[in-house]
Amino acid sequence: MYPVLSVTDLTYQIKDQSLLSNISFHVRKKASIGIIGESGSGKTTLGRLILGLLKPTHGLISLHGKVFPSGHRNERRAIQAVFQHPLASFNPEWTVRESILEPFRRHRPILRHFPATSEENLMTALSLAVGVEERLFDQLPHQLSGGQIQRAAIARAISIEPDIIVMDEPTTGLDVVSRAQIIELLERLQQTLGVSLVLISHDIDFIRRLCSETLVLRDGRAVDLIDRLESGSAYTQRFVEAGTW
Ligand SMILES: Nc1ncnc2c1ncn2[C@@H]1O[C@H](COP(=O)(O)OP(=O)(O)OP(=O)(O)O)[C@@H](O)[C@H]1O
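Because the structure is predicted, anything quoted here is derived from the model rather than measured.

Participant: Help me understand the site of the ligand, please; the structure alone is not making it clear to me.
Facilitator: For the ligand, the full set of nearby residues is Ile 14, Leu 19, Glu 38, Ser 39, Gly 40, Ser 41, Gly 42, Lys 43, Thr 44, Thr 45 and His 202. Contact between the ligand and Thr 45: an oxygen atom at 2.6 Å from a side-chain N or O atom of the residue. Here His 202 contributes a side-chain N or O atom positioned 3.0 Å from an oxygen atom of the ligand. Protein contacts shield 57% of the accessible area of the ligand, which totals 640 Å² for the unbound molecule. Among the residues forming the shell around the ligand, the class breakdown is two nonpolar, seven polar and two charged.

Participant: Looking at this structure, how should I read the environment of Leu 144?
Facilitator: For Leu 144, the location among the structural elements is in the loop between helix 4 (119-130) and helix 5 (146-158). The spacing of Leu 144 and Leu 87 is 57 residues in sequence and 9.1 Å in space, taken between C-alpha atoms.

Participant: How do you make sense of the sheet that holds strand 2 (residues 17-27) when you look at a structure like this?
Facilitator: Either a parallel or an antiparallel arrangement is found when strands of a sheet pair, and the pairing is made through backbone hydrogen bonds. Taken in spatial order, the four strands make up an open sheet running 2-1-4-5, and their pairing is antiparallel. Of all strands in the sheet, those bounded by a partner on one side alone are strand 2 and strand 5 (66-67). Where strand 4 (residues 58-63) meets strand 5, two bridges bridge the pair, whose relative direction is antiparallel. Residue pairing in the sheet places Ser 62 in a bridge with Val 67 of strand 5. Contacting strand 1 (5-14), strand 2 and strand 4, helix 1 (residues 43-50) runs over the sheet at an angle of about 60° to strand 2.

Conventions adopted
Residues numbered from 1 in each chain as written. Predicted model: local features only at pLDDT ≥ 70, side-chain atom pairs only at ≥ 80, totals over all residues. Heavy atoms only, no water. Near = heavy atom within 4 Å. Polar contact = N/O pair within 3.5 Å; in protein donor to acceptor, adjacent residues only side chain to side chain. Areas by Shrake-Rupley, 256 points an atom, 1.4 Å probe, with all protein chains shown as cover. Nonpolar A, V, L, I, M, F, W, Y, C, P; charged D, E, K, R; others polar. Helix = DSSP H or I, 4+ residues; strand = E, 2+ residues; numbered from the N terminus. Pairing = 2+ DSSP bridges. Contact = heavy atoms within 4.5 Å. Axes fitted to C-alpha atoms, helices over the stretch in contact; angles between N-to-C directions.

In structure tokens, the structure reads:
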């Protein structure tokens, strides 16, 4: 069986500058890969390439063994994003509910896990799945706390049952309790939905809890691709011991 996501020899250049060079890895169903590295090492650029928002200079991304993006309408459903500042990804003039329903209305997917007999049923199921009281979905995005809007962003991402969610710094700015809740939520979603995760983070403990494999970037190159953070190079160990990058 093909991995859900394959990245092969991916290189991204702007003019003569290589922001990423020869990156390769696979992610299987229900598995998670962590992407870590110093500021400016290329993590967000890699996330944007995986989402099809940037076009690689060389190399290949494939979903279930097929080149991505191919232009096929349905492939966009398979891969969803939760960005670093979730508030900025919500339309400030729409209720949170309207924003959450937007991808569902656009894709009209056939759902296996969530009941999609009506939008109301779907919203109730999503509220339970992410642990946000349903009445909060009728608020405007700025009226929710950082943890609540992060979970609403996750609700939007899972509403169309993607195969992969790419998350950029999902714990930044969250208090300890909200951070722990996000970790538990992601663990649960992996088990119940079978979703694979690509987690970009500076938070070593977050990566350790959730990821079966970790890619360490330095200046756009892969330094380590490891299943245990402790088995990384001396470079990686310095940051693992510090707990952050
Ligand atoms: N559009 C662009 N044009 C030129 N350089 C860019 C562009 N986008 C990113 N870069 C450069 O590419 C490098 C990698 O940036 P990227 O945002 O991917 O790093 P990062 O690892 O996500 O950093 P951080 O942890 O600070 O978010 C940086 O040196 C950045 O300045």
